[in-house]
Amino acid sequence: MSEDGGDFAPASDIFTEQLPYYMAIGMTPEDYWDGDCDLPIYYRKAHALRNQQRNQELWIQGRYFYDALKALAPILVAFPKKNAKPDKYLEEPYPLTQEEAAERKARREAGKKADFITKMNAWAAKANALKKEADTDG
Amino acid sequence: MAKTIRFSYNGKDYTLEYTRRAVRVVNERGFRPDELRNNTIVMVPLLFSGAFFAHHRNVPEKEINEIWEQMQNKEDLLTALGEMYSQPTEALMDDSQGNVSWSVQ
């Protein structure tokens, strides 16, 4: 009790009470007791960021489960259609950054362009062969 | 980051700081922040000496008292020591969840 009769709770009681929480989020007892006294602020922020990251990872994992089940849906029925086959699963992971998404888009565009050129070359080769055959017959 | 007080005395550099362990030690020695103004004779030396614990644990009490006598601006020094003593406790408070803003008029 203080001189005015109020109740005094030493700060050290609060420190002891909070220690398990900060150890649970990765702080060592040495840092807690003897380190910079503002460290708990940054440990809390880091813990919140880790939780956000983990939540994002779990959400993405849910999407992969969903995609896998969706691909299997044609055959996951009591009476599947004759010759039913599962759909193709995702060919590659979801892009997680804007850079990955841009790189993937550029790669697909380049692939489409290469396919188009291949088809055009095949068409040109076929047209030339037909023309040559016509010239020979003529 | 933690507030510190730095000075030189008799050719030696000192850094005063309150860690959570220093707060616990000074509480065990009898320091009570609510009695600082009413019992200055006892509480002020405790508050000042407690700030030595983090980096200068082995400085004798006699030398700490000598240093106190030589310190300038004792009123401001006491205010700074009070803030340093409170900082370890304040760092444990998470007020990010509140939604009431306020201002000093």
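Preceding block: the structure.
Everything numeric in this text was worked out from a predicted model, so none of it was measured.

Enquirer: Help me understand the overall build of chain B, please; the structure alone is not making it clear to me.
Expert: Scanning chain B for helices and strands turns up 4 helices and 2 strands. When the helices and strands of chain B are placed in sequence order, the string is β-β-α-α-α-α. Projected onto its principal axes, the C-alpha coordinates of chain B cover approximately 50 × 30 × 30 Å. For chain B, with 105 residues in total, the buried portion stands at 44%. In chain B, the proportion of contacts linking residues at least 24 apart, taken out of those at least 6 apart, comes to 64%.

Enquirer: What am I meant to see in the pairing of strand S2 (residues 12-16) of chain B here?
Expert: The side chains of a regular strand alternate, residue by residue, between the two faces of the sheet. Residues and elements named next belong to chain B. Where strand S1 (residues 5-9) and S2 come together, 5 bridges link them in antiparallel fashion. Looking across to S2, one finds that Phe7 is bridged to Tyr14. Here S1 folds back onto S2, and the loop between the two strands holds 2 residues, one of which, Asn10, carries a positive phi near 50 degrees.

Enquirer: Please explain the pattern of salt bridges as it appears in this structure.
Expert: Pairing between side chains becomes possible if they bear opposite charge and their charged atoms approach one another. Residue and element names in this part refer to chain B. Overall, the coordinates contain 12 salt bridges over all chains when judged by the stated rule. Among the ionic pairs, Arg32 bridges to Glu35, the shortest N-O distance being 3.9 Å. Take Arg32: its relative accessible area is 13%, and that puts it in the buried class. Judged by relative accessible area, Glu35 falls into the buried class, the value being 8%. Here Arg37 and Glu75 are joined by a salt bridge, their closest N and O atoms 3.4 Å apart. Within this pair, whereas Arg37 is found in the loop between helix H1 (20-28) and helix H2 (40-50), its partner Glu75 is found in helix H4 (residues 74-90), the two being separated by 38 residues in sequence.

Enquirer: Would you mind showing me how to read the interface of chain A and chain B here?
Expert: Many structure descriptions define interface size as the accessible area lost when the parts assemble. Contacts between the two partners involve 23 residues from chain A, matched on the other side by 23 residues from chain B. Both faces combined, the contact of chain A with chain B buries some 2,100 Å², and carbon together with sulfur accounts for 56% of it. The salt bridge involving Asp34 of chain A is made with Arg21 of chain B; its shortest N-O contact spans 2.6 Å. Elements supplying a minimum of two residues to the side of chain A that touches chain B: helix H1 (11-24), helix H2 (29-34) and helix H3 (39-72) of chain A. Among the elements that make up the side of chain A that touches chain B, the one with the highest residue count is H1 of chain A (6 residues). Within the side of chain A that touches chain B, the residues separate by chemical class into 14 nonpolar, 4 polar and 5 charged.

Enquirer: Looking at this model, I keep getting lost on the side chain of Asp36 of chain A. Mind explaining?
Expert: Mapped onto the fold, Asp36 of chain A is located in the loop between H2 and H3. With no salt bridge to any partner, buried Asp36 of chain A finds its closest opposite charge in Arg20 of chain B, at an N-O distance of 6.9 Å. Reaching out from Asp36 of chain A, the side chain makes a polar contact with the backbone nitrogen of Asp38 of chain A at a distance of 2.9 Å. With near-sequence residues (within four places) excluded, Asp36 of chain A lies in contact with Met1, Ala2, Glu17 and Arg20 of chain B.

Enquirer: Help me out: how do you make sense of unusual backbone geometry in this one?
Expert: Apart from glycine, the bulk of residues carry a negative phi angle, and the bulk of peptide bonds sit in the trans form. Residue and element names in this part refer to chain B. Phi is positive for Asn10, which is not a glycine, with a value near 50 degrees. Tracing the backbone through its elements, the reader meets Asn10 in the loop between S1 and S2. A relative accessible area of 71% means that Asn10 is categorised as exposed. In this structure, Asn73 takes a positive phi of about 50 degrees despite not being glycine. Along the chain, the position of Asn73 falls in the loop between helix H3 (61-70) and H4.

Enquirer: Honestly, H2 of chain B in this entry has me stumped. Any pointers?
Expert: Note on helix geometry: an α-helix contains 3.6 residues per turn, so any two residues three or four positions apart are oriented the same way. Among the residues of H2 of chain B, those classed as buried are Met43, Val44, Leu46, Leu47, Phe48, Ser49 and Gly50 of chain B. Residues of H2 of chain B that are buried sit in contact with S2, H1, H3 and H4 of chain B.

Rules behind the numbers
Residues numbered from 1 in each chain as written. Chains lettered and ligands numbered in written order. Predicted model: local features only at pLDDT ≥ 70, side-chain atom pairs only at ≥ 80, totals over all residues. Heavy atoms only, no water. Helix = DSSP H or I, 4+ residues; strand = E, 2+ residues; numbered from the N terminus. Buried < 20%, exposed > 50% of the residue type's maximum accessible area, 1.4 Å probe, protein only. Contact = heavy atoms within 4.5 Å. Pairing = 2+ DSSP bridges. Salt bridge = Lys/Arg side-chain N within 4 Å of Asp/Glu carboxyl O. Buried area = accessible area lost by both parts, 1.4 Å probe. Nonpolar A, V, L, I, M, F, W, Y, C, P; charged D, E, K, R; others polar. Lys, Arg positive; Asp, Glu negative; His and termini not counted. Polar contact = N/O pair within 3.5 Å; in protein donor to acceptor, adjacent residues only side chain to side chain.

From the geometry alone we can't say anything about function, so treat these as descriptive.
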